[in-house]
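Take a look at the letters that make up each chain.
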Amino acid sequence: MQHLQMVDLKRQYQNIKAEVDTAIQHVIESAAFIGGPDVQSFSTELAQYLGVKHVIPCANGTDALQIALMALGLKPGDEVITPSYTYIATVEVVALLRLTPVFVDVDPDTYTMNMDSVKKAITSKTKAIIPVHLYGQSVNMEPLLAIAKEHNIAVVEDNAQAIGSTYTFSNGSTAKTGAMGVIGCTSFFPSKNLGGYGDGGAMFTNDDELAAKLKMIANHGQQVRYYHEMVGCNSRLDTIQAAILRIKLRKLDEYCYARRKAADYYDKAFKNHPKITTPYRAPYSYHVFHQYTLQIDGFDRDVLQQKLAERNIPSMIYYPVPCHKQNMLKEFGSANYVLPVTDMLQDKVISLPMHTELTEEELEYITKNLLEIIG
Ligand SMILES: *Cc1c(COP(=O)(O)O)cnc(C)c1O
């Protein structure tokens, strides 16, 4: 088996090629490269899908987070609670805006924010919390929203890895991830669950005033052309990306389902193995498996990765260094943080190929070989 990849976007494209090619051609012929009709249509369709009032597209997921924090009008020194166990972008934007990131630990089973850790991290300076729906699983939002409400703290969801996921509240009602905080953010980076063929991102909100502000910040702080009300940035979703994303949005549920089927296969093969912990599926979350991430005990992870590679099986460590140990964030007192679960996971996790086109033959090859190696 020669062609295994972490994410196989070539094969996915082959299955939607005719539709995508036509859509791209249409944009090129219309020459509406920036702000074309597909951008508005995609925003409307995504808002419908998520059950939110406003979707504001932008250039990438990092910008989405930055613009969201700018729109909240936070001041330098305000504290923002985030997990350390996340992609750097979540925290980088906090530091970039001269806000203070405050790191919390995660739960060892879900890899997402631990609620006790969040409660302990709250001070009078806490102005925002960024829950990260890591690997495609929703954070336990009900208790988080309650804590935030009690202390009047804004919740900005980082939904870059979980678009399509659903959270179920204790009364049985459901909401899409990204639609529960005051602002939700996502990325359309090609390998994300809803990925374009280049960069892209979006913000979601039900608040009319915030929506206007997000839109304004993403567009040089202007509502009326050449009249700039506030310092903003230039962050746009290309029309070509929007046209592609419209097609892929229609397939998103099917894509999430395909990922879950692949995860089912992995789960079954690795079940009850003493050296392997399969990903936990929290009862409140519809897991959309952006990543399929195992914990390995009693076997050297580097050796495992190397032996998998020898058999043409790619694997990845998301993430080898947690944010609180990154040099970039040194000034925020990394040395003072005690995040035992984050540190423990960092040494154990390994992610296997996960995408929408995995065949049973490939899954069999991956699982059989991994089990053979690990013994
Ligand atoms: C990918 C990702 C981002 C950033 O998205 P970009 O489009 O690459 O800027 C932010 N947060 C998380 C958790 C991500 O996985």
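Residue numbers here run from 1 along each chain, matching the order of that chain's written sequence. This being a predicted model, a pLDDT of at least 70 is required before a residue's local features are given, and a value of 80 or more before pairs of side-chain atoms are given or counted; all residues contribute to the totals for chains, interfaces and linings. In computing side-chain properties, one takes all heavy atoms of the structure into account and sets aside hydrogens as well as water.

1. Concerning the site of the ligand
So, point 1. Taken together, 14 residues surround the ligand, and among them G61, T62, D158, S187 and K192 come closest.
So, point 2. Polar contacts, as used here, are pairs of N or O atoms within 3.5 Å; protein pairs need one atom able to donate a hydrogen and one able to accept it. Residues neighboring in sequence count only if both atoms are side-chain atoms. T62 has a polar side-chain atom sitting 2.5 Å from an oxygen atom of the ligand.
So, point 3. At 2.8 Å, a side-chain N or O of D158 approaches a nitrogen atom of the ligand.
So, point 4. Methods summary: accessible areas were calculated by the Shrake-Rupley approach with a probe of 1.4 Å, and residue burial reflects only the protein chains presented. Expressed as a share of its isolated accessible area of 380 Å², the protein-covered part of the ligand is 92%.
So, point 5. Numbering of helices and strands runs from the N terminus; a helix is a DSSP stretch of H or I covering at least four residues, while a strand is a stretch of E covering at least two. Per element, the largest residue contribution to the shell around the ligand is three residues, and it comes from helix α3 (residues 61-71).
So, point 6. Taken together, the residues of the shell around the ligand sort by class into five nonpolar, seven polar and two charged. Throughout, the term near means that a residue has one or more heavy atoms lying within 4 Å of the molecule or strand in question. Note that Gly is not counted as nonpolar here; it falls among the polar residues with everything else outside the nonpolar set of Ala, Val, Leu, Ile, Met, Phe, Trp, Tyr, Cys and Pro and the charged set of Asp, Glu, Lys and Arg.

2. Details of the domain arrangement of the protein
So, point 1. Here the bounds of each domain stem from an automatic or database domain assignment. Taken as a whole, the protein is organised into domain 1 (9-249) and domain 2 (252-374).
So, point 2. Using only C-alpha atoms to locate each centre, domain 1 and domain 2 end up separated by 24 Å.
So, point 3. In what follows, a contact means two residues having at least one pair of non-hydrogen atoms within 4.5 Å. In this complex, domain 1 contributes 48 residues to the contact, which on the side of domain 2 involves 42 residues.
So, point 4. Its largest share of buried area at the contact with domain 2, domain 1 owes to F103, Y135 and N193, together 18% of the area lost on that side.
So, point 5. The working definition used for a salt bridge is a side-chain nitrogen of Lys or Arg within 4 Å of a carboxyl oxygen of Asp or Glu. Taken together, the connections running from domain 1 to domain 2 amount to one salt bridge.
So, point 6. Every element with two or more residues in the side of domain 1 that touches domain 2 is listed here: α1 (9-30), α4 (89-96), β3 (100-104), β6 (166-168) and α8 (239-250).
So, point 7. Ranked by residues supplied to the side of domain 1 that touches domain 2, first place goes to β3 with five residues. Once two parts are joined, some of their accessible surface, as seen by a 1.4 Å probe, is lost; buried area is that loss totalled over both.

3. Here's the deal with the sheet that holds strand β13 (residues 285-286)
So, point 1. A pair of strands is considered paired only if DSSP assigns at least 2 bridges between the two. As summarised here, the arrangement of the three strands in space is β7-β6-β13, forming an open sheet in which the pairing is antiparallel. Looking at the sheet topology across the chains shown, the edges are occupied by β7 (174-176) and β13.
So, point 2. Here β6 runs beside β7; their pairing, made up of three bridges, is antiparallel. Its bridge partner lying in β7, T166 is registered against K176.

4. A few points about the packing of aromatic side chains
So, point 1. Only rings of Phe, Tyr and Trp enter the pairing, Trp through its six-membered ring, and a pair is recorded when the two centres are within 6.5 Å. The plane angle decides the type: under 30 degrees is stacked, over 60 is edge-to-face, the rest tilted. Inspection of the entire model under this criterion finds 13 aromatic pairs.
So, point 2. Consider the rings of F42 and F188, whose centres lie 5.4 Å apart with planes at 75°: the pair is edge-to-face. Taken together, the residues span a long stretch of sequence, with F42 in helix α2 (residues 37-50) and F188 in the loop between β8 (183-187) and β9 (201-205) at a distance of 146 residues. The same class applies to F42 and to F188, which are both buried.
So, point 3. Taken together, the ring pairs connect Y266, F270, F289 and Y292 into an aromatic cluster. For every residue, the accessible area (1.4 Å probe, protein chains only) is compared with the maximum for its type, and the residue is labelled buried under 20%, exposed over 50%, or partly exposed between those bounds.

5. Section: α8
So, point 1. In a helix, the anticipated span is given by 1.5 Å times the number of residues less one. In a regular helix each residue adds 1.5 Å, so twelve residues correspond to 16 Å; α8 covers 17 Å between its end C-alpha atoms and thus fits that length.
So, point 2. Counting buried residues in α8 gives nine out of twelve residues, a clear majority hidden from the surface.
So, point 3. Buried residues along α8 sit in contact with α1, α2 and α9 (252-270).

6. Some points on the side chain of Q222
So, point 1. Residue position: Q222 is located in strand β10 (residues 222-224).
So, point 2. When its relative accessible area of 11% is taken as the criterion, Q222 is described as buried.
So, point 3. Look past the residues within four positions of Q222 in its chain and what remains in contact with it is M216, Y227 and H228.

7. Topic: the environment of G195
So, point 1. Structurally, the position occupied by G195 is in the loop between β8 and β9.
So, point 2. Considered as a pair, G195 and K248 are 53 residues apart in the sequence and their alpha carbons are 7.8 Å apart.
So, point 3. Dropping the residues within four chain positions of it, G195 is found in contact with F188, F189, P190, L245 and K248.

8. Thoughts on the nonpolar core
So, point 1. With 35 residues, the main nonpolar core has Y266, Y292, L294, L352 and L370 as its most contacted residues.
So, point 2. Those elements that place two or more of their residues in this core are α9, β14 (292-296), α10 (301-310), α11 (340-346), β15 (349-352) and α12 (360-374).
So, point 3. Examining the composition of this core, we find that five residues originate from one element, α12, more than from any other.
So, point 4. There are two domains that each give this core at least three residues, and those are domain 1 (9-249) and domain 2 (252-374).
So, point 5. When near neighbours in sequence (up to four residues on either side) are disregarded, Y266 contacts Y292, L352, P353, M354, L358, L363, I366 and T367.
So, point 6. Formed by 25 residues, the second largest nonpolar core is a distinct cluster that contains C58, V93, V156 and L214. Throughout, nonpolar core names a set of buried Ala, Val, Leu, Ile, Met, Phe, Trp, Tyr and Cys residues whose side chains join them through atoms within 4.5 Å.

9. Here we look at the pattern of salt bridges
So, point 1. According to the stated counting rule, one finds 13 salt bridges in the structure shown.
So, point 2. Across the pair K17 and D21 runs a salt bridge, and its minimum N-O distance is 2.7 Å. With K17 and D21 both in helix α1, this residue pair falls four residues apart, about one helical turn.
So, point 3. Judged by its relative accessible area of 33%, K17 falls in the partly exposed class.
So, point 4. Classification of D21 by relative accessible area gives partly exposed; the value is 27%.
So, point 5. For D78, the salt bridge identified is with K127, shortest N-O distance 3.9 Å. One end of the pair, D78, is in the loop between α3 and β2 (79-83); the other, K127, is in strand β4 (residues 126-129), and 49 residues separate them in sequence.
So, point 6. Look at K127 and you get partly exposed, because its relative accessible area is 33%.
So, point 7. Three or more residues are tied together by salt bridges with common partners; here these are D8, R11 and E362.

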